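Fold and contact review
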Amino acid sequence: MGLSAVTVLGVDRPGVIAAVTGALAECGANIQDSTMTLLGGHVAMMLLVSGELDTNELSRHLSQPELVVTVSAVEARRDFGCPGTGLGYVLTVHGPDRPGIISAVSAVLASVGGNITGMSTRLTGRLYVLIADVDLPAEVDVAGLMRRLAAVGSGLDSEITFRPMEPDLL
């Protein structure tokens, strides 16, 4: 059974997620992982699906005039190479909008081997909000990392918080 990465982008409307996921179900594709969100009035979906169809057949099943769909074959992978502590962290940034916020914050995290496992941003008026889930290697000095993040936040005129994540109850 093959694994495919599917991306979908289109103008948001009621039923667009139902149409895409319905087309996947009709052709026997199983959604293993997904994330779906609104970005400036557009729906954006990223899905990992398994099934017997090749990428071209899957693209044909999902094709709709108002959607941009891409399908790529990928290998199944659960070990992402970042040995986490078993407890992730949540990072938030609140401040004025400006270029380079994500770059500055993600560079600090990457410098200690941190892996951003999920992130969303929103611009409300002039207020920019970033929320990220972060997995850190066990040996990271979290207090030192928090001081570095605070310094970056100060340089961006933003407040950065970093706290342990509540464990998932799946």
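Here the structure is shown first, and the text comes after it.
In what follows, the accompanying structure is described. Computed from a prediction, not measured in an experiment: that's the story for all the values here.

On to helix 4 (residues 142-155), then. Under the 1.5 Å per step criterion, the end-to-end length of helix 4 is 20 Å for 14 residues, consistent within 8% with the ideal 20 Å. Looking only at helix 4, the buried set comprises Gly144, Leu145, Leu149, Val152 and Gly153. Against the buried residues of helix 4 lie strand 5 (89-96), helix 3 (101-111) and strand 8 (159-164). For helix 4, the side-chain oxygen to backbone nitrogen distance between the N-cap and Ala143 is 3.3 Å, and the N-cap itself is Asp141. Just downstream of helix 4 lies Asp157, where phi reads positive at about 55°.

Let us now look at the side chain of Ser50. Inspection of the secondary structure assignment puts Ser50 in strand 3 (residues 42-51). There is a polar contact of 3.1 Å between the side chain of Ser50 and the side chain of Gln32. When residues no more than four places from it in sequence are discounted, the contact partners of Ser50 are Met1, Gly2, Leu3, Gly28, Ala29, Asn30 and Gln32.

Attention now goes to the packing of aromatic side chains. Summed over the entire model, instances satisfying the criterion amount to one aromatic pair. Ring centres of Tyr89 and Phe162 lie 4.9 Å apart, and the angle between their planes is 5°; this geometry places the pair in the stacked category. Highlighted residues: Tyr89 in strand 5 and Phe162 in strand 8, separated in sequence by 73 residues.

With that settled, consider a nonpolar patch on the surface. Side chains of Ile102, Ile116 and Met119 sit close together on the surface and give an oily, nonpolar patch of about 220 Å² of accessible area. Inspection of the secondary structure assignment puts Ile102 in helix 3. Residue Ile102 is classed as partly exposed on the basis of its relative accessible area, which comes to 33%.

Turning to the packing of helix 3 against helix 4, a few remarks are in order. One can describe the packing of helix 3 onto helix 4 by two numbers: an axis separation of 10 Å at closest approach and a directional angle of 160°. Between helix 3 and helix 4, the interaxial angle falls into the category roughly antiparallel. As helix 3 packs across helix 4, the resulting crossing turns out to be right-handed. Across the interface between the two elements, Ala104, Val105, Val108, Leu109 and Ser111 from helix 3 touch Leu145, Arg148, Leu149 and Val152 from helix 4. Broken down by class, the residue content of the contact of helix 3 with helix 4 amounts to seven nonpolar, one polar and one charged.

Conventions and cut-offs
Residues numbered from 1 in each chain as written. Predicted model: local features only at pLDDT ≥ 70, side-chain atom pairs only at ≥ 80, totals over all residues. Heavy atoms only, no water. Helix = DSSP H or I, 4+ residues; strand = E, 2+ residues; numbered from the N terminus. Expected span 1.5 Å × (residues − 1). Buried < 20%, exposed > 50% of the residue type's maximum accessible area, 1.4 Å probe, protein only. Contact = heavy atoms within 4.5 Å. Polar contact = N/O pair within 3.5 Å; in protein donor to acceptor, adjacent residues only side chain to side chain. Phe/Tyr/Trp six-rings, centres within 6.5 Å; stacked < 30°, edge-to-face > 60°. Patch = residues over 30% accessible without salt bridge, like charges linked within 9 Å, V, L, I, M, F, W, Y side chains within 5 Å. Areas by Shrake-Rupley, 256 points an atom, 1.4 Å probe, with all protein chains shown as cover. Salt bridge = Lys/Arg side-chain N within 4 Å of Asp/Glu carboxyl O. Axes fitted to C-alpha atoms, helices over the stretch in contact; angles between N-to-C directions. Parallel < 35°, antiparallel > 145°, perpendicular 65-115°, else oblique. Left-handed = near helix turned anticlockwise from the far one by under 90°. Nonpolar A, V, L, I, M, F, W, Y, C, P; charged D, E, K, R; others polar.

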